[in-house]
Amino acid sequence: MSLFDAVFLSYDEPMASTLHARLQRTLGGTVKRLHGVHGMRRAYRLCAEVVDREQFFLADGDFAIDNGFDASAVEPLEEGVSMRVWQAVNPVNGLSYGYGGLKLIRRSALREMGDAVDVLAALPGRIEFAPQTVGITRFNQSPFHAWKAGFRECAMLARGSEYGMADDDARKRVEAWMTSHEGEFAAYAAAGAREGVTFAREAAHETKQYDLLNDPAWLRERFTTAHGDQAVSG
């Protein structure tokens, strides 16, 4: 039995209900679900209010956990560590890193979260990156969702990782995103990556523009302007 609560945070992902059920089966207990909250920072902060324990698992609405993940073997976070992030496989380019991965996080850290474009990068304390890959980030559920993933991630990497990633590592990941060719809607993820890098260059001298990366309505409008009225929900 796990020592931790768990929250599944979804917005509009087509497979969210299926992946929530998968997470519950794998963790072996109730996984609370927070759905459709507008504003990423607000959504993460609300996660802290629906759990009963200080440390809890947090999964995004497109995370498909490995069925073999053993929650009972997970060690609590050490003092001074605000979050642990496990790796997830990227289905369109084969990368495995923290993007879209499972998190173990402190409720108190979410309540004290500061400001950052990549919202969880603003947690107080240290962030720990586990080397294990524990699932797949299934963001490629529609043309829009694949594009949005590439656009947001590569805009943030091109700007400069807020997690302290080395510039060369960030550059290699951007290149992998821009050449995505595996899995469903990979071409849209690649297009989003290229357009995200362009956006980062345009916003370099007007940093408030980066806040738009967390605005679902703006992202949807940007997508439809560039790629037409493609399906946005699967």
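Look a little higher up for the structure.
Residues numbered from 1 in each chain as written. Predicted model: local features only at pLDDT ≥ 70, side-chain atom pairs only at ≥ 80, totals over all residues. Heavy atoms only, no water.

Student: Mind showing me how you'd approach the packing of aromatic side chains here?
Tutor: Aromatic rings in a pair are described by how distant their centres are and how their planes are angled relative to each other. Taken as a whole and assessed by the stated rule, the structure comprises 17 aromatic pairs. For the ring pair Trp147 and Phe223, a centre distance of 5.5 Å and an interplane angle of 55° mean the geometry is tilted. One end of the pair, Trp147, is in helix α4 (residues 143-159); the other, Phe223, is in helix α7 (residues 216-227), with 76 residues separating them in the sequence. On the accessibility criterion, Trp147 (0% relative accessible area) is buried. For Phe223, a relative accessible area of 0% puts it in the buried group. Considering the side-chain rings of Phe199 and Tyr210, the 5.8 Å spacing of their centres and the 85° angle between planes classify their relative orientation as edge-to-face. Residue Phe199 is found in helix α6 (residues 186-202), and its partner Tyr210 is found in the loop between α6 and α7; the two are separated by 11 residues along the sequence. Look at Phe199 and you get buried, because its relative accessible area is 2%. For Tyr210, a relative accessible area of 3% corresponds to the buried category. Taken together, the ring pairs connect Phe144, Trp147, Phe151, Tyr188, Phe199, Tyr210, Trp218 and Phe223 into an aromatic cluster. Stacked on the ring of Tyr97, the Lys or Arg Arg173 has its end atom at 4.1 Å from the ring centre. (Phe/Tyr/Trp six-rings, centres within 6.5 Å; stacked < 30°, edge-to-face > 60°. Helix = DSSP H or I, 4+ residues; strand = E, 2+ residues; numbered from the N terminus. Buried < 20%, exposed > 50% of the residue type's maximum accessible area, 1.4 Å probe, protein only. Lys NZ or Arg CZ within 6 Å of the ring centre and 35° of its normal.)

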